Amino acid sequence: MSLTAKDRDVVKSFWGKISSKADAIGQEALGRMLAVYPQTKIYFPQWSDYSLGSAKVKKHGKNVMAAITDAVGKMDDLIGGLSSLSNLHAKVHLDPVNFKILTHNILVTLAVNFPADFTAEVHVAVDKFLAALSAALADKYRLTHHSGASRASANRGTSNDKAKVSDAINKISNNRKGFFFMFFSRSI
Amino acid sequence: MVQWKAEERAAIQAVFAKLDYESVGRETLTRLLVVYPWTRRYFGGFGNLFNSEAIMANPKVAAHGIVVLQGLEMALKNMDDIKNTYASLSELHSEKLQVDPGNFQLLGDCLTVVIATRMRTEFTPDIQAAWQKFLAVVVSALRKQYN
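A brief structural summary.

Calculation criteria
- Residues numbered from 1 in each chain as written.
- Chains lettered and ligands numbered in written order.
- Predicted model: local features only at pLDDT ≥ 70, side-chain atom pairs only at ≥ 80, totals over all residues.
- Heavy atoms only, no water.
- Helix = DSSP H or I, 4+ residues; strand = E, 2+ residues; numbered from the N terminus.
- Contact = heavy atoms within 4.5 Å.
- Axes fitted to C-alpha atoms, helices over the stretch in contact; angles between N-to-C directions.
- Parallel < 35°, antiparallel > 145°, perpendicular 65-115°, else oblique.
- Left-handed = near helix turned anticlockwise from the far one by under 90°.
- Nonpolar A, V, L, I, M, F, W, Y, C, P; charged D, E, K, R; others polar.
- Expected span 1.5 Å × (residues − 1).
- Buried < 20%, exposed > 50% of the residue type's maximum accessible area, 1.4 Å probe, protein only.

## Some points on the side chain of B:Ser52
Here is step 1 of the chain: Counting through the fold element by element, B:Ser52 comes out in helix α3 (residues 52–57).
Here is step 2 of the chain: Non-local contacts of B:Ser52, meaning those with residues more than four positions away in its chain, are made with A:Glu121, B:Thr30 and B:Val34.

## So, the packing of helix α6 (residues 97–113) of chain A against helix α7 (residues 120–137) of chain A
All names here are of chain A.
Here is step 1 of the chain: Look at α6 against α7: their axes get within 10 Å of each other, and the N-to-C directions meet at 150 degrees. Here α6 is positioned roughly antiparallel relative to α7, judged by the angle of their axes. As for the relative orientation of α6 and α7, their crossing is right-handed in sense. Note on element contacts: α7 touches α6 through His123, Val126, Asp127, Leu130, Ser134 and Leu137, opposite Phe99, Thr103, Ile106, Leu107 and Leu110.
Here is step 2 of the chain: Grouping the amino acids of the contact of α6 with α7 by side-chain chemistry returns seven nonpolar, three polar and one charged.

## Observations concerning helix α2 (residues 21–35) of chain B
Here is step 1 of the chain: Counted at 1.5 Å a residue, the expected span for α2(B) with its 15 residues is 21 Å, and the 20 Å between its end C-alpha atoms agrees.
Here is step 2 of the chain: For α2(B), a buried count of twelve out of 15 residues is recorded, marking the element as mostly surrounded by other parts of the structure.
Here is step 3 of the chain: Buried within α2(B) we find B:Tyr21, B:Val24, B:Gly25, B:Glu27, B:Thr28, B:Leu29, B:Thr30, B:Arg31, B:Leu32, B:Leu33, B:Val34 and B:Val35.
Here is step 4 of the chain: Among the structural elements, α7 of chain A together with α1 (6–17), α3, α4 (59–77) and α7 (102–119) of chain B are those in contact with the buried residues of α2(B).

Structure (structure tokens):
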């Protein structure tokens, strides 16, 4: 679901309103996530305190929100702009289901702190933006399944996929005359 | 059977105590229809659902918002047996309305967001955790008859 010009305007305008509280929002969203979805603690095994007020939650929440704020300025090319962050999340094997979970907690945090500004229209635009951001963060996943592949050659993996897919389609359509069988692969 | 701690029961009661069914119901359903527009297909008889202003002003949306929250109240009153309490509701949604069950989660998420705007800092992470556990049990009960 691509971001329209209106979506981008709404997100930028809303982000302007919340930017002074960005650090606190990041902290609160992360704290909520860890409390409501305790399985997410697995990604922070060294921490001793997962509560909203802890120093680690405060620091990491600030980092996450700073990256999201940065992405607001890169809405024209989220995949390109988030490429290295995507590699990082792939390396730590961060289950992409967690992007949705954190998104939900960001939305709840925005609702708590900006109840009047977080209208239904802002809600849908921000949800779309965070979904696009999540897809960009997952873009560099599943690139090292080819033998001899490394994360360094990751970007060349996609043309390999296309060759294999069209190979498979050719084999299937040759075996079944008159029966064309198509399947779609998605980027994740 | 789902086990509820005393704090969880108290938290869920606290959320319900503050719930203005009319206002929260209408806004929850509005957000569902705006943020996840494919859900409009389930409300074909509701008239104008073309944009958020129309949805927010739609009297059928308002009325149905109350119905949804009254349904949730049934779960609140039967917290130790939500599964059986919801047996006929589950059948209604699966057999008659043919709602894709993924949408129950989405409605729950919208309701949680609206509650967050109302309760604000009173909606602490612990209360949110208890509330979402309650919603998860409700959603699971609604999905029961889909097999």
